[in-house]
Amino acid sequence: MTSPASSYPPGSAAFPHRDLVGIGGLAPHELLFLLDEAEQWVGFNRLSQKHDDRLAGLTIINAFFENSTRTLLSFEIAGKRLGADVVNMHAGQSSIKKGETLIDTAMTLNAMHADAIVIRHGSSGAVQLIADKVDCPVLNAGDGQHEHPTQALLDALTIRHARGRIYGLTVVICGDLLHSRVARSNILCLTSLGARVRVCAPPALMPAAIEQMKVEPFHQFDKALEGADVVMMLRLQNERMEGQFIPSPREYRHLYGLTEERLARTCPDTLVMHPGPMNRGIEIDSNVADLVDRSLITRQVEMGVAIRMACLDVLTRGVRQVEGWQ
Ligand code: CP
């Protein structure tokens, strides 16, 4: 894993999948290929002129059945910077509201000859269901409690930029692990790339048998933070909770919140991440989230555009080759 670029299979064999539904099932060299492909877009996105025509003529549909700021906008920006025609479908304004089924919606998008479909949906498995029905590449923008693969990739790219590597780092993921697709995708991605992953949550928010995902579970946050290179905080997903999972937000912050006092007890170079949106004052305090030298939160957003450009480019190479364009 020291020289991943030299270990890719040639051509399309470097990433032989039509869809990106999850990190699960991807080989380490395929993850590294996507990260390396994204590198070119990090610099490109910092230019004042940010336009490339490689996806010109392609139609990308972003079909979002759940709210989003970062993922939706960055997929839209990514597609447009690569020259594609990008159309956003918001479920709240669609015929889903009239009772149309998910499959009928998918077949409708398919009939419009989309060249790639990006989907966010509240049900785990919904993205795979659609991918099985349509003729074009499908990218998962988050499905239920299952996976959020581009979030994990952008987090890995952010860590690699900040620390120069992922292999051998200790990453702590703390918060509502039970409901988090971000945590699941990050665990799969980071362990696959050789990081040591610790997970920390109150017992009610810790998935059963999580140690089978090659992580070390903790219930005491201070203990989990000892020697950590990176701490990734997760949002309490109140919208996915039925019943009482935490005694009170105040007690949760005391035990599992990343406060200034708690961060001061860690190594001085432990870096802070959060996928957003944040519950400031609950899982993370503002004076930690906004630390210029230790918080990577805005950098994560920046890397999100680069990763989504890489994913759209790589996954549509098959479409473009069939057409004989490139
Ligand atoms: N991290 C993330 O998925 O954010 P959005 O819900 O704003 O897309």
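Residues numbered from 1 in each chain as written. Predicted model: local features only at pLDDT ≥ 70, side-chain atom pairs only at ≥ 80, totals over all residues. Heavy atoms only, no water.

What follows concerns the overall build of the protein. Counting its secondary structure elements, the protein contains 12 helices and 9 strands. Overall, the C-alpha framework of the protein stretches about 55 × 50 × 40 Å when taken along its three principal axes. Out of the 326 residues in the protein, the part that is buried amounts to 54%. Contacts in the protein between residues far apart in sequence, at least 24 positions, make up 74% of those at least 6 positions apart. Accessible surface, the protein: about 14,200 Å² in total, of which carbon and sulfur atoms supply 51%. (Helix = DSSP H or I, 4+ residues; strand = E, 2+ residues; numbered from the N terminus. Buried < 20%, exposed > 50% of the residue type's maximum accessible area, 1.4 Å probe, protein only. Contact = heavy atoms within 4.5 Å. Areas by Shrake-Rupley, 256 points an atom, 1.4 Å probe, with all protein chains shown as cover.)

This next bit is on the packing of helix α5 (residues 149–163) against helix α11 (residues 297–315). Running from N to C, α5 and α11 point in directions that differ by 120 degrees, and their axes come no closer than 8 Å. In terms of axis orientation, α5 runs oblique to α11. Considering how the two elements wind past one another, α5 and α11 form a crossing that is right-handed. Two secondary-structure elements touch here, α5 through Thr150, Gln151, Leu153, Leu154, Asp155, Leu157, Thr158 and His161 and α11 through Arg299, Gln300, Met303, Gly304, Ala306, Ile307, Arg308 and Cys311. (Axes fitted to C-alpha atoms, helices over the stretch in contact; angles between N-to-C directions. Parallel < 35°, antiparallel > 145°, perpendicular 65-115°, else oblique. Left-handed = near helix turned anticlockwise from the far one by under 90°.)

Let us now look at the packing of aromatic side chains. Tallying each qualifying case throughout the model produces 3 aromatic pairs. Both rings, one in Trp41 and one in Phe44, keep their centres 5.0 Å apart while their planes meet at 90 degrees; by these two values the pair is edge-to-face. Here Phe44 and Trp41 lie together in helix α1 (residues 28–45), a separation of 3 residues that amounts to about one turn. As far as the burial class goes, Trp41 and Phe44 line up, both buried. (Phe/Tyr/Trp six-rings, centres within 6.5 Å; stacked < 30°, edge-to-face > 60°.)

What follows is about the site of the ligand. Taken together, Ser68, Thr69, Arg70, Thr71, Arg120, His148, Gln151, Pro275 and Gly276 make up the full set of residues adjacent to the ligand. In the environment of the ligand, an oxygen atom lies 2.9 Å from a nitrogen or oxygen atom belonging to the side chain of Arg120. His148 places a side-chain nitrogen or oxygen 2.9 Å from an oxygen atom of the ligand. Coverage of the ligand by the protein chains reaches 91% of its 260 Å² of free accessible surface. Of the residues contributing to the shell around the ligand, the split by class is 1 nonpolar, 6 polar and 2 charged. Shared between two domains, the shell around the ligand holds at least three residues of each, these being domain 1 (11–148 + 302–320) and domain 2 (149–297). (Near = heavy atom within 4 Å. Polar contact = N/O pair within 3.5 Å; in protein donor to acceptor, adjacent residues only side chain to side chain. Nonpolar A, V, L, I, M, F, W, Y, C, P; charged D, E, K, R; others polar. Domains from an automatic or database assignment.)

Each domain of the protein was delimited in the assignment, giving domain 1 (11–148 + 302–320) and domain 2 (149–297). Relative to domain 2, the C-alpha centre of domain 1 lies at a distance of 25 Å. Listed by partner, the interface residues are 34 residues for domain 1 and 27 residues for domain 2. Summed over both sides, the interface of domain 1 with domain 2 buries roughly 2,500 Å², with 63% coming from carbon and sulfur. Interface area lost by domain 1 to domain 2 is led by Leu35, Gln145 and His148, which between them contribute 27%. If you look at where domain 1 meets domain 2, you find 3 salt bridges. The partner of Arg181 in a salt bridge is Glu66, and the shortest N-O contact between them spans 3.0 Å. Counting across the interface, domain 1 meets domain 2 through 12 residue pairs in polar contact (both at pLDDT 80 or more). (Buried area = accessible area lost by both parts, 1.4 Å probe. Salt bridge = Lys/Arg side-chain N within 4 Å of Asp/Glu carboxyl O.)

This next bit is on the pattern of salt bridges. With the rule as written, the count across this model stands at 19 salt bridges. It is possible to trace a salt-bridge network through shared partners that takes in Glu37, Asp52, Arg54, Asp313, Arg317 and Arg320.

As summarised here, the arrangement of the 4 strands in space is β2-β1-β3-β4, forming an open sheet in which the pairing is parallel. The open sheet has two free edges, formed respectively by β2 (85–90) and β4 (138–143), since each of these has just one partner strand. Ignoring which end each strand starts from, the neighbouring axes of this sheet average 15 degrees apart. With 5 bridges connecting them, strand β1 (residues 59–64) and strand β3 (residues 116–121) associate as parallel partners. If you follow Asn62 over to β3, its bridge partner there is Val118. (Pairing = 2+ DSSP bridges.)

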